[in-house]
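# Survey of secondary and tertiary structure
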Amino acid sequence: MDIADGEFVILVGPSGCGKSTTLNMIAGLEDITEGELRIGGQVVNQKAPKDRDIAMVFQSYALYPHMTVRENMGFALKLAKTPQATIDEKVNEAARVLDLTQHLDRKPANLSGGQRQRVAMGRAIVRDPSAFLMDEPLSNLDAKLRVQMRTEVSRIQRRLGTTMVYVTHDQVEALTLGDRIAVMRTGRLQQVGSPKELYERPENLFVAGFIGSPAMNFLPATLEEGKLRTPLGDLPVSDQLRRALEGAQAGRTVIVGVRPENFEDAALVSADARPNGITFRASIDVLESLGSDVFVYFTKDIEQGVNAAELEELARDSGRADTGGSGDTVVARLDAATGVREGQDAELWVDARAIHVFDPATGRNISLGADGDGRAGTATAGGTGMAGGTASGTDVSGGAETGRAAGAAGDTPVT
């Protein structure tokens, strides 16, 4: 994959997928066994980390406890024997950007978690590198501070205009921060694209289940008499989707994906919208009111479970496999005006236009072929779907089969 000059790219995926290893290879902290890494068009595989003109921000801040904020931020420049006047100028400018001016003479022990993380970012900023690498920099912060710092990171990146590669396990961070997101699984790229593209057009089961909070619901379905028979009811199939299903030769048994926000309380659906979906009855097990939205959880008797390697991995990553959480539970996001109550039967509506249909054998999103733009089938499970190009089985864990998508002309990409 190519990362354009000034672009903010997020590497996201479950634990152990190779995110941090990839970042360490870019930084020079891990050896690259096969393939090429280019920064600004120059191959840097054999270059030492200090010669790559990159700056890294770690999860654990990695500040020197005996130094003040000013000394921590300027330490790399001091090692490079930069004149003191230049160091002071760069440190003061970075402190203004990060709102740390009043803390310059304090030591890390006297700072909050968010302030320490900003000092770590300031230490990277003063070097004026060609690229910033950030390895889960917000994961040690509490929830409220993490949201605040997320905004700060985005603001700083746009102000500096420097290329940034950011690793996170939190897909909400990924969706809100990046220009593009690269979803990884077991050392391989699954899909690269904008947050909107990954959310609306996931190439496979893994991306669909990983992107979105709450996660997409997956239900077994069979194609019979021009309809998809699911535990929710019979979903109508458009001519385009039917042709895509026939062309994919996926068989009669498929997996249907429905996002929580594609449900609604049937009483709140207008008469004009009702024909676009189906209504069904469900017994509400749990109701969570968040003020602006209401989440309801219900179960449906599923004779044959949804079995796919991607879904098993997602269950392990979310902890559902360890806690005994059922894959039969469906979550729906309803309008706050709903009259649905916990422990009671409710009539719900699901938008049939928004469903995704997946091949259980390969994990591929068959329904992309119904959009008519020729982009269906560009990725298979374990392969690579690239926004702006395709690559053949790109392995980013230091293994073989390295492929690259073409970058935009005139860019100075990190490849």
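Heads up: these notes are all about the structure in this document.

Thresholds, definitions, all that
Residues numbered from 1 in each chain as written. Predicted model: local features only at pLDDT ≥ 70, side-chain atom pairs only at ≥ 80, totals over all residues. Heavy atoms only, no water. Pairing = 2+ DSSP bridges. Helix = DSSP H or I, 4+ residues; strand = E, 2+ residues; numbered from the N terminus. Axes fitted to C-alpha atoms, helices over the stretch in contact; angles between N-to-C directions. Parallel < 35°, antiparallel > 145°, perpendicular 65-115°, else oblique. Left-handed = near helix turned anticlockwise from the far one by under 90°. Contact = heavy atoms within 4.5 Å. Nonpolar A, V, L, I, M, F, W, Y, C, P; charged D, E, K, R; others polar. Buried < 20%, exposed > 50% of the residue type's maximum accessible area, 1.4 Å probe, protein only. 1 Å grid on protein atoms, 1.4 Å probe; cavity = no way out; pocket = protein on both sides within 12 Å on 5 of 7 lines; lining within 4 Å. Points joined across faces, edges and corners; volume = space filled by probe spheres on them.

## Quick notes on the pairing of strand S9 (residues 217-224)
Pairing of S9 with strand S12 (residues 253-258), which is carried by 6 bridges, proceeds in the antiparallel orientation. Residue pairing in the sheet places Ala 221 in a bridge with Val 254 of S12. Hairpin connection, S9 to strand S10 (residues 227-230): the antiparallel pair is bridged by 2 residues, and Glu 225 has positive phi, about 50 degrees.

## Regarding the packing of helix H4 (residues 113-125) against helix H5 (residues 143-160)
Direction vectors running N to C along H4 and H5 enclose 20 degrees, while the axes themselves pass 11 Å from each other. Considering the angle they form, H4 stands roughly parallel to H5. Taken as a pair, H4 and H5 cross one another with a handedness that is right-handed. Here H4 contributes Gly 113, Gly 114, Gln 117, Arg 118, Met 121 and Ile 125 to the contact with H5, which in turn contributes Leu 145, Met 149, Val 153, Ile 156 and Leu 160. Among the residues forming the contact of H4 with H5, the class breakdown is 7 nonpolar, 3 polar and 1 charged.

## A short note on helix H1 (residues 19-27)
Extensive coverage of H1 is indicated by the burial of 7 of its 9 residues. For H1, the full list of buried residues reads Lys 19, Thr 22, Leu 23, Asn 24, Met 25, Ile 26 and Ala 27. For H1, the secondary structure elements touched by its buried residues are strand S1 (8-12), strand S2 (38-39), strand S4 (54-57), strand S5 (131-135), strand S6 (163-168) and strand S7 (180-185). Positive backbone phi, at 95 degrees, marks Gly 28, one or two positions downstream of H1.

## Things to note about the pairing of strand S8 (residues 188-193)
For S8, the tally of buried residues reaches 6 of 6 residues, placing the bulk of the element in the interior. Where S7 meets S8, 5 bridges bridge the pair, whose relative direction is antiparallel. Bridging across to S8, Ile 181 finds its partner in Gly 193. Once S7 ends, the chain turns through 2 residues before running back antiparallel as S8, passing Thr 186 with a positive phi of about 45 degrees.

## Section: the sheet that holds S12
Strand order in the open sheet formed by 5 strands is S11-S10-S9-S12-S18, with antiparallel pairing between adjacent strands. Either end of the sheet is taken by a strand with one partner, and the two such strands are strand S11 (233-236) and strand S18 (356-358). When strand polarity is set aside, the average angle formed by the axes of neighbouring strands in this sheet is 40 degrees. Looking at chain direction, S9 and S10 are connected through 3 bridges and run antiparallel. By the bridge assignment for S10, Thr 222 is matched with Arg 229.

## Digging into the side chain of Arg 185
The topology assignment puts Arg 185 in strand S7. The class for Arg 185 is buried, based on a relative accessible area of 12%. Sequence-distant contacts of Arg 185, that is, excluding residues within four places in its chain, are made with Cys 17, Gln 190, Phe 206, Ala 309, Glu 310 and Glu 313.

## Looking at the layout of surface pockets
Each pocket or cavity is described by its volume, and for the second largest pocket that value is around 580 Å³. Lining of the second largest pocket is provided by 19 residues; of these, Ile 54, Ala 55, Met 56, Ala 76 and Arg 127 occupy positions nearest its centre. Elements represented by at least two residues in the lining of the second largest pocket include exactly S4, helix H2 (69-79) and H4. The element best represented in the lining of the second largest pocket is H2, accounting for 4 residues. In terms of residue class, the lining of the second largest pocket is built from 15 nonpolar, 1 polar and 3 charged.

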